[in-house]
Amino acid sequence: MRNMEKRRAYMKEYSKKYRLEHHTELLLKKKIYRDKNNEIIREKQREYLDKNRIQAYTKVREWKSENKQYMRSYLYQYYRNLDNLRVKNEFRRKHYYTISIVQKVFEDNIKEFGTLTCIYCFSPLEFGKDTIDHLVPVSRMGDNSYENMVISCRVCNSTKGAKTYEEFGNWIIDTNNKKGVYNETAI
Ligand SMILES: [Zn+2]
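Looking at this structure, I do not really get the domain arrangement of the chain. What am I missing?
Interfaces are often described in size by the accessible area the parts lose on coming together. Each assigned domain of the chain is listed with its residue range as follows: domain 1 (1–51) and domain 2 (99–186). The gap between the C-alpha centroids of domain 1 and domain 2 is 73 Å.

Encoded structure:
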């Protein structure tokens, strides 16, 4: 009896050593076997899962409840990525604008003011010093539709920054009030 145990222990030790020494070789053999018997293996796996579905699910459920923290962060990341993708696609779709729309914006501005003019400070603009401004900034999901685009000078455009049209108006009134001047024509 003792001999049996000894032999078993020896075999265990030996096979462990063998596996360690022939690691890559064994992996390759396994891979070849798997590639050859792909369908049989899959069939067996399916059979096993059919028989042990409940146990398998319980195991998964157990693992999930033991690793709640991990699951939470994983799901958070997953949904965040999904959200980002959705927003990105939407942004791309909206961010695409055509030359004809831009042309129309320019023509409208000239029609309204007689010459190319900044809609915020009403200063006439030389060609090439104009910029296209978004009433609702692109960074705040504003799109490139005809309704959202206006002509402005570079100074107004960069001062407006990420403010909306209304916010920019309030901002001008606020700053003028602080300076002690109220400028009705500013906006
Ligand atoms: Zn301006």
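Past the structure itself, the notes keep going.
Would you take a moment to explain the pairing of strand 2 (residues 149–153) for this structure?
Two faces belong to every sheet, and in a regular strand the side chains alternate between them. In terms of burial, strand 2 is largely enclosed, as four of its five residues are buried. Note that strand 1 (residues 130–134) and strand 2 share five bridges and pair antiparallel. Pairing of Asp 133 across the sheet is with Val 150, part of strand 2.

Quick question: what am I supposed to make of unusual backbone geometry here?
As a rule of thumb, non-glycine residues mostly have phi less than zero, and peptide bonds are mostly trans rather than cis. Positive phi outside glycine occurs at Phe 122, with the angle close to 60°. Mapped onto the secondary structure, Phe 122 falls in the loop between helix 6 (99–113) and strand 1. Of note in the backbone geometry, Met 141 takes a positive phi value of approximately 70° without being a glycine. Secondary-structure assignment places Met 141 in the loop between strand 1 and strand 2.

Even after reading the chapter, I still don't get the nonpolar core, so can you show me in this structure?
Note that soluble globular proteins tend to have their nonpolar side chains buried in a common cluster. Core analysis: the biggest nonpolar cluster contains five residues, these being Cys 118, Tyr 120, Ile 151, Cys 153 and Cys 156. In contact with Cys 156, not counting residues within four places along its chain, are Cys 118, Tyr 120 and Cys 121.

Help me understand helix 2 (residues 23–36), please; the structure alone is not making it clear to me.
Look at helix 2: 20 Å from first C-alpha to last across 14 residues, which is about the 20 Å you get at 1.5 Å a residue. Counting buried residues along helix 2, only zero of its 14 residues qualify, which leaves the element largely exposed.

Parameters and conventions
- Residues numbered from 1 in each chain as written.
- Predicted model: local features only at pLDDT ≥ 70, side-chain atom pairs only at ≥ 80, totals over all residues.
- Domains from an automatic or database assignment.
- Buried ≥ 20, exposed ≤ 12 C-beta atoms within 10 Å, placed from the backbone.
- Helix = DSSP H or I, 4+ residues; strand = E, 2+ residues; numbered from the N terminus.
- Pairing = 2+ DSSP bridges.
- Core = buried A, V, L, I, M, F, W, Y, C linked by C-beta atoms within 7 Å.
- Contact = placed C-beta atoms within 7 Å.
- Expected span 1.5 Å × (residues − 1).

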